[in-house]
Amino acid sequence: MGGVAKNEMSKTPNAQLPTVHVQLSADGTTSNIKHPTSSTLWRMVDLIIAGIFIYAGAIKALDPVQFASDIDNYKILPWPISVALAFYLPWLEIFCGFALVVRLLYRGALSILTALILVFTLATIAAKVRGLDITCGCFGHASQNWSFPAHLATNLAILAALVVLWVSNRSPKPL
Amino acid sequence: MRSSLVRQVLFLAALALAPGVGEAVYFRHKISWQSAVLPSESVTVDQARTWGRNVIWVDARPDEEFARDHVPGAVSLNEDRWTELLPQFLAVWSPGTKVVVYCSSLSCNASREVARRLRREAQLPDVFVLEGGWEAWLKTR
């Protein structure tokens, strides 16, 4: 089909060619052809994901004692590690969220958030398999009464959005 | 490109350390690194017994376990039926009374959660978690 179009164009050199938007990636290679609408869509997904992680991080940063307890409920890590993570992870989520908003350190932030949501999801499944009745702690008290399916569905939706952002192969600002 | 990605990940990971450490310092008196319960918020069976009648025992275990056996005079208050059981507990509580919450064993979390909610949501002072829980009580019975 592409060959046919090429032949048609070579026969009519003055024909009006369709305009396409080509973006260069950070390393200078032509990455893909983008439609402005799809760019806006990806940007919206960016901002939604960023908002989710900033909100979740902020809630947990405000109450690290509760978050340490929530991590401990999974019965995977020793208590001192749960405490250390309760102080550290919320800020990691917040910084990665802001990195998505300003599109600095973009791929680094995407990598970290993807790894985090994968770990959270696996921990949730592991807890369910072991019969633990856990409070996920994802969004502080807002998620206190979430059922396992709701918890899992939220995690998987976020994971799917992160994967979509990965494969959308956009052009982040260089470091 | 891969080294750039690793650099970005490491930079973000390092960036989050600073406020994390700051927060750990700020909350140093509100959380223990050794135990999930602050020493000032836990009590042994022997200590609790010395309080005599000035104590309400709260059983944070599921209903079936409470029905099977419990500390004499204990009130059932678990998170599964929190809204239903809390008023029943508050009806027997009076100011100045100490509250001792227990669950199954040293490793359970229910007593910690119930104690935390009693402090936060019911604004009760003098709420303690029983070290070792029901198992510890059985050993000293």
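Above this text is the structure in question.
These remarks concern the structure in this document. (Residues numbered from 1 in each chain as written. Chains lettered and ligands numbered in written order. Predicted model: local features only at pLDDT ≥ 70, side-chain atom pairs only at ≥ 80, totals over all residues.)

1. Digging into the overall build of chain A
Right, on to step 1. When helices and strands are tallied, chain A shows six helices and two strands.
Right, on to step 2. Taken across its 175 residues, chain A has 33% of its residues classed as buried.
Right, on to step 3. Here the contacts in chain A between residues at least 6 apart in sequence split such that 67% fall between residues at least 24 apart. (Helix = DSSP H or I, 4+ residues; strand = E, 2+ residues; numbered from the N terminus. Buried ≥ 20, exposed ≤ 12 C-beta atoms within 10 Å, placed from the backbone. Contact = placed C-beta atoms within 7 Å.)

2. Focus: the nonpolar core
Taken as a class, soluble globular proteins show a tendency for nonpolar side chains to be buried jointly.
Right, on to step 1. Membership of the largest hydrophobic core comes to 36 residues, with the highest contact counts inside it found for Leu92, Cys96 and Ala109 of chain A together with Leu12 of chain B.
Right, on to step 2. When residues of this core are traced back to their parent elements, those giving at least two are helix H2 (36–62), helix H3 (64–73), helix H4 (79–102), helix H5 (106–129) and helix H6 (148–167) of chain A together with helix H1 (2–26) of chain B.
Right, on to step 3. A per-element tally of this core places H4 of chain A first, with 12 residues.
Right, on to step 4. Not counting residues up to four positions away in its chain, the partners in contact with Ala109 of chain A are Cys96, Ala99 and Leu100 of chain A together with Leu12 of chain B. (Core = buried A, V, L, I, M, F, W, Y, C linked by C-beta atoms within 7 Å.)

3. Side note on the interface of chain B and chain A
Right, on to step 1. On the chain A side, the residues contacting the 24 residues of chain B number 25 residues.
Right, on to step 2. Per-element tally for the side of chain B that touches chain A: the top contributor is H1 of chain B, with 15 residues.
Right, on to step 3. When grouped by side-chain class, the residues that make up the side of chain B that touches chain A number 15 nonpolar, five polar and four charged. (Nonpolar A, V, L, I, M, F, W, Y, C, P; charged D, E, K, R; others polar.)

4. Examining unusual backbone geometry
Right, on to step 1. The backbone of Lys75 of chain A shows a phi angle near 55°, a positive value even though the residue is not glycine.
Right, on to step 2. As for its placement among the helices and strands, Lys75 of chain A is situated in the loop between H3 and H4.
Right, on to step 3. Unusually for a residue other than glycine, Asp126 of chain B sits at a positive phi of about 50°.

5. Notes on the sheet that holds strand E1 (residues 42–43) of chain B
All names here are of chain B.
Right, on to step 1. Taking strand neighbours across the sheet as the criterion, the five strands line up as E1-E5-E4-E2-E3 in an open arrangement whose pairing is parallel. Across the chains shown, the open sheet's two edge strands, defined by having one partner strand only, are E1 and strand E3 (75–76).
Right, on to step 2. Bridge count between strand E4 (residues 98–102) and strand E5 (residues 127–130): three bridges; the pairing is parallel. Looking across to E5, one finds that Val101 is bridged to Val129.
Right, on to step 3. Here helix H5 (residues 110–120) sits on the sheet and contacts strand E2 (55–59), E4 and E5; the angle it forms with E5, its principal contact strand, is near 180°. (Pairing = 2+ DSSP bridges. Axes fitted to C-alpha atoms, helices over the stretch in contact; angles between N-to-C directions.)

6. Here we look at the pairing of E4 of chain B
All names here are of chain B.
Right, on to step 1. With four of five residues buried, E4 is to be regarded as a mostly interior element.
Right, on to step 2. Pairing geometry for E2 and E4, over five bridges, is parallel. In the strand pairing of E4, Ile56 is matched with Val99.

7. Brief notes about the pairing of E2 of chain B
Right, on to step 1. As judged from the two bridges shared by E2 of chain B and E3 of chain B, these two strands associate in the parallel manner. Residue pairing in the sheet places Asp59 of chain B in a bridge with Ser76 of chain B of E3 of chain B.

8. Details of H5 of chain B
Right, on to step 1. Where H5 of chain B is concerned, the buried positions are Ala110, Ser111, Arg112, Glu113, Val114, Ala115 and Leu118 of chain B.
Right, on to step 2. As for H5 of chain B, its buried residues are in contact with H3 of chain A together with E2, E4, E5 and helix H6 (133–140) of chain B.

9. Looking at the packing of H4 of chain A against H1 of chain B
Between two packed helices, both the angle of their axes relative to each other and the distance between the axes serve to describe the pair.
Right, on to step 1. Two elements in contact, H4 of chain A and H1 of chain B, have axes separated by 8 Å at closest approach and are oriented at 135°. Between H4 of chain A and H1 of chain B, the angle is such that the two are oblique. Crossing handedness for the pair H4 of chain A and H1 of chain B: right-handed. Two secondary-structure elements touch here, H4 of chain A through Phe87, Tyr88, Trp91, Leu92, Phe95, Cys96 and Ala99 of chain A and H1 of chain B through Leu12, Ala13, Leu15, Ala16, Leu17, Pro19, Gly20, Glu23 and Ala24 of chain B. (Parallel < 35°, antiparallel > 145°, perpendicular 65-115°, else oblique. Left-handed = near helix turned anticlockwise from the far one by under 90°.)

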